[in-house]
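Each chain is listed here by its residues.
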Amino acid sequence: MIDTLIPTPTDTAEPAVEERTPKMSARDVKVFYGAKEALKGVSIDIHDDRVTAFIGPSGCGKSTFLRCLNRMNDTIPSARVTGTIELDGEDINSAAMDVVQLRARVGMVFQKPNPFPKSIFENVAYGPRIHGLAENKSELEAIVEKSLKRAGLWDEVKDRLNESGTALSGGQQQRLCIARAIAVDPEVILMDEPCSALDPIATAKIEELIHELRGRYAIAIVTHNMQQAARVSQRTAFFHLGEMVEYGKTSDIFTNPREQRTQDYITGRYG
Amino acid sequence: MTLQLALVAILVIAATAGLFARKRATGLRGGGIRLNSLPNYHALFVGLWTALPALLFLAIWAPVQSGLVEQAVLASPAGQQLPDFQMVRDTILSEARDIATGRIAAGFNPESNAIAPVYSAAYGKYSMVGSALAVLIALGSALLAMRLVKVDFRARSGVERLMMGLLVGASLIAILTTLGIVLSLLFESLRFFKQVSPTEFLFGTSWSPQTAIRADQAGSSGAFGSVPLFWGTAFIGAIIAMIVAIPLGLMSAIFLTQYAPARARAWLKPILEILAGVPTVVYGYFAALTVAPLVRDFGLAIGIESASSESALAAGLVMGIMIIPFVSSMADDSIAAVPQAMRDGSLALGATKSETIKKVVLPAALPGVVGGVLLAVSRAIGETMIVVMAAGLAANMTANPFASVTTVTTQIVQLLTGDQEFDSAKTLAAFALGLALFVITLILNLIALRVVRKYREAYE
Ligand SMILES: Nc1ncnc2c1ncn2[C@@H]1O[C@H](COP(=O)(O)OP(=O)(O)OP(=O)(O)O)[C@@H](O)[C@H]1O
Ligand SMILES: [Mg+2]
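Residues numbered from 1 in each chain as written. Chains lettered and ligands numbered in written order. Predicted model: local features only at pLDDT ≥ 70, side-chain atom pairs only at ≥ 80, totals over all residues. Heavy atoms only, no water.

Draft legend 1. Main features of the overall build of chain A. Broken down by element type, chain A carries eleven helices and ten strands. Relative to the 2.2 N^0.38 estimate, which gives 18 Å for 271 residues, the radius of gyration of chain A is 18 Å and therefore close to what a compact globule would have. Each of the three principal axes of chain A carries a C-alpha extent, and together these read 55 × 45 × 35 Å. Going through the 271 residues of chain A one by one, you find that 54% of them count as buried. Within chain A, contacts between residues at least 6 apart in sequence are counted, and of these 66% link residues at least 24 apart. Of note, chain A has its 33 positive side-chain charges centred 3 Å away from the centre of its 38 negative side-chain charges. (Helix = DSSP H or I, 4+ residues; strand = E, 2+ residues; numbered from the N terminus. Rg over C-alpha atoms; globule rule 2.2 N^0.38 Å. Buried < 20%, exposed > 50% of the residue type's maximum accessible area, 1.4 Å probe, protein only. Contact = heavy atoms within 4.5 Å. Lys, Arg positive; Asp, Glu negative; His and termini not counted. Charge placed at Lys NZ, Arg CZ, Asp CG, Glu CD.)

And the structure:
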């Protein structure tokens, strides 16, 4: 099975040593839910022209880590985050960082599609409205159109922008959520198992979309599907029991992991 | 008296029959065979079957008996001499009954003293008959039910069916009562509309229900235009009270669900709900004695000469406070029903908490909130005590909150208190008003329930 996971050409072309400054970097990030330590010191760099995948068994802290990156853990009263996370060298947990601005720069797509019970247009226009990105109606329309086009949904919905977003199919809803995230022009997009509620065809569409979005946005994606990680990502991090066990080029992780635990997981010995 | 004894006897028979049935069932089991149903079910089955038919008989017999007694009394020689005039005769009969049952020593009308023994005898005879029949029925059904106690008898499902029957009966009582209320309202209202045309009642703008007692009396012709009353009701209950209750209720619901820490919520919510438990008459005092003078003084201070001490504003303000828990608990429920995923989606786009509430949570919760508000309105316009104590009696069509207006419920109380003839248009008007109010609150409730249900479907 591993042999079929052919590394993409970009992987091999990249230098092994990173000289560039990363888009986001996490150092020794720990998360506690009450007294329980869910994340035990994770350090990772996320670069802006590639897709970083987080894999690992259920409950190992992938979502928890992803939520640290745009401070969505703030919404959970019992959660406490330590360590530093930087976006372009700025500490996102510092007092100087406005969480509203942070989330506009680091967008998020959830596991279950969660369009607002508003029209398709309003769903996409929501973010730009809040952040005042459009001066007038036509600018707003342009942003909505551009975002829907980038999310590969425009052709399917251009004639029914006033219909409710919740009336779309699951896959369309998820692309609508991606369009919604894109509309505020983020720098990083976080995706937490974006395909787990979708059928294979809708999944293929989203994966294709991730390919197209790569390079424009830094993308971090959590997935349970290892083929998907291999297909869409250039870097993979393997999490286990709240630790980040191994992080490296996707091709290396899948063909030649350094750690026994990684090996066991990707060969399906436990999950 | 005898009927009460019969009641006790029936219960004793039922309990005994039940005990016997259990003993018998236990005995059957003693043979090492498995019973279809536990002995207790046999006991319950036999007990219920013994008691229910007899009790049903008693319930039917009681009214039949008083009819029979009256007939017997009227047929007696003393009864035949009673005056023909219905009202006098009824008075004498009821006095005779009171003497016979020992409630009073002697009647006001001399005839009643003569009839009392006849009454007493007839009553004794018929209640004896009734009691005997009831006890016989109980014994008979006990015997029949006992014969069913066998190894394979499904007493358990029998009890189940009886229970269902009981429950159906209980809910039927509530439904039938509602029906009865509606019918009696309807009936009396029809009598009213024979005297006053529905158009005048529904669209007339002048209300002064004093009808002349004598034809030559001047100045009190009686006008039954209910529009001012409904205006007053709407002004106090649907406008002023809602201006108070909707924002306060909604904001406290938002605070409680979205901002308050769990500990604060655990304290604040019950305190808010205490408001719903305050007797309305207490709100009435509060409105009349505390708020009304304040409102009047305030009105006078800002130069409104017509400020009355029975202002619409005082009643409406207090009613609004009373309604807050309704609005807030309905709003609370519907806000809590908005999925967390929706909130997260908005927050993750960089929306603040209040933007999220304003643009995502509230619109999604709106139907539930609207439903709650409609229910609150329907309660507010039917509310009586506050307006009786704090709103005025003058039927004014004014939008001045410092002036006095009257409401439908206040007028109903007004029309029905004191000595009234039950066939004058004035008294009957109370029923027409009640019917109209009932119809309005019914419609409001129906709409509210529909709105709420539709909204529930959207998320489940
Ligand atoms: N809100 C919370 N309160 C308390 N504990 C939590 C909370 N969210 C997550 N946890 C705990 O933190 C640990 C990591 O959870 P997390 O959701 O990050 O796992 P995950 O890797 O995303 O799992 P999955 O693949 O199933 O989504 C789990 O043990 C979980 O029980
Ligand atoms: Mg997860």
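Draft legend 2. Looking closely at the sheet that holds strand E9 (residues 235–240) of chain A. All names here are of chain A. The strand order across the open sheet built from six strands is E6-E7-E8-E3-E9-E10, with neighbouring strands paired in mixed fashion. The sheet is open, and its two borders are formed by strand E6 (106–109) and strand E10 (243–249), each paired with just one other strand. Taking the axes of each pair of neighbouring strands and ignoring which way they run, one obtains an average angle of 15 degrees across the sheet. Pairing analysis gives five bridges linking strand E7 (residues 188–192) to strand E8 (residues 218–222), with the strands arranged parallel. Across the sheet, the residue bridging to Val188 is Ala218, located in E8. Sitting on the sheet, helix H2 (residues 62–69) touches strand E3 (51–55), E6, E7, E8 and E9, and the angle it makes with E7 is about 155 degrees. Where helix H7 (residues 170–183) meets the sheet, its contacts fall on E6 and E7, and the angle it forms with E6 comes to roughly 170 degrees. (Pairing = 2+ DSSP bridges. Axes fitted to C-alpha atoms, helices over the stretch in contact; angles between N-to-C directions.)

Draft legend 3. How the structure looks around the nonpolar core. Core analysis: the biggest nonpolar cluster contains 79 residues, and B:Phe192, B:Ile236, B:Met319, B:Ile323, B:Ile386 and B:Leu433 have the highest contact counts within it. In this view, B:Ile386 contacts B:Thr280, B:Tyr283, B:Gly284, B:Ala287, B:Ala315, B:Val318, B:Met319, B:Met322 and B:Ala391; residues no more than four positions away in its chain are not counted. (Core = buried A, V, L, I, M, F, W, Y, C linked by side-chain atoms within 4.5 Å.)

Draft legend 4. Broad picture of the sheet that holds strand E2 (residues 36–46) of chain A. All names here are of chain A. Read from one edge of the open sheet, four strands run E2-E1-E4-E5, paired in antiparallel fashion. Only two strands of the sheet have a single neighbouring strand rather than two, namely E2 and strand E5 (90–91). Across the sheet, H2 lies against strand E1 (24–33), E2 and strand E4 (79–87), angled at about 120 degrees from E1, the strand it touches most.

Draft legend 5. Inspection of the pairing of E4(A) at higher detail. Residue and element names in this part refer to chain A. Sheet topology places E1 next to E4; eight bridges connect them, and they run antiparallel. Within E4, the residue paired with Phe32 across the bridge is Arg80. Sheet analysis places E4 next to E5, joined by two bridges and oriented antiparallel. In the strand pairing of E5, Glu86 is matched with Asp91. Taken together, E4 and the strand that follows it, E5, pair antiparallel across an intervening segment of two residues, in which Asp88 is found at a positive phi of about 50 degrees.

Draft legend 6. Just the site of ligand 1, in detail. All names here are of chain A. Lining the immediate surroundings of ligand 1 are 13 residues, of which Lys36, Ser58, Ser63, Thr64 and His224 lie closest. Take Tyr33: an N or O atom from its side chain is 3.4 Å from a nitrogen atom of ligand 1. Here ligand 1 loses 65% of its free accessible area of 630 Å² to cover by the protein chains. Sort the elements by how many residues they give to the shell around ligand 1 and H2 lands first, with three residues. Considered class by class, the residues forming the shell around ligand 1 number four nonpolar, six polar and three charged. (Near = heavy atom within 4 Å. Polar contact = N/O pair within 3.5 Å; in protein donor to acceptor, adjacent residues only side chain to side chain. Areas by Shrake-Rupley, 256 points an atom, 1.4 Å probe, with all protein chains shown as cover. Nonpolar A, V, L, I, M, F, W, Y, C, P; charged D, E, K, R; others polar.)

Draft legend 7. Spotlight on the side chain of B:Ser346. Residues and elements named next belong to chain B. Following the sequence through the fold, Ser346 ends up in helix H12 (residues 340–348). Assessed through its relative accessible area of 0%, Ser346 is described here as buried. Engagement of the side chain of Ser346 in a polar contact is seen with the side chain of Thr356, the distance being 2.9 Å.

Draft legend 8. The environment of A:Leu168, seen in detail. All names here are of chain A. Tracing the chain through its elements places Leu168 in the loop between helix H6 (154–157) and H7. A relative accessible area of 6% means that Leu168 is categorised as buried. Placed twelve residues apart in sequence, Leu168 and Glu156 show a C-alpha to C-alpha distance of 10.0 Å. When neighbours within four sequence positions are excluded, Leu168 is seen to be in contact with Ile120, Val157, Arg160, Gln173 and Leu176.

Draft legend 9. Broad picture of the packing of helix H1 (residues 2–30) of chain B against helix H2 (residues 39–75) of chain B. Residue and element names in this part refer to chain B. It is the contact of H1 with H2, at a shortest axis distance of 7 Å, that shows an interaxial angle of 160 degrees. One element, H1, and the other, H2, form an angle in the roughly antiparallel class. The two elements H1 and H2 cross, and the hand of that crossing is right-handed. For the contact of H1 with H2, a count of residues per class yields 16 nonpolar, seven polar and two charged. (Parallel < 35°, antiparallel > 145°, perpendicular 65-115°, else oblique. Left-handed = near helix turned anticlockwise from the far one by under 90°.)

Draft legend 10. Up close: the UniProt feature "domain: ABC transporter" (unreviewed entry) in chain A. The feature "domain: ABC transporter" (unreviewed entry), as given by UniProt, occupies residues 24–266 of chain A in the numbering adopted here. For the annotated span residues 24–266 of chain A, helix accounts for 38% and strand for 26% of the residues, and the straight-line distance between the end C-alpha atoms is 26 Å. (UniProt positions renumbered as here; feature names shortened; annotations may be inferred.)

Draft legend 11. Representation of the confidence of the model for chain A in the model. In the predicted model, chain A carries a mean pLDDT of 88, and the fraction of residues at 70 or more is 92%. In the model, residues 1–17 of chain A has pLDDT below 50 throughout and makes 17 contacts with residues more than four positions away in sequence or in other chains. (pLDDT = per-residue confidence, 0-100.)

Draft legend 12. Summary view of the pairing of E9(A). All names here are of chain A. Counting buried residues along E9, six of its six residues qualify, which places the element largely inside the surrounding structure. Side chains Arg235, Ala237 and Phe239 project from E9 onto one buried face, and the interleaved Thr236, Phe238 and His240 project onto a second face that is buried too. One ladder, built from four bridges, connects E3 with E9; its direction is parallel. Counterpart to Phe54 in the pairing with E9 is Ala237. Note that E9 and E10 share six bridges and pair antiparallel. Counted as the bridge partner of Phe239 is Met244 from E10.

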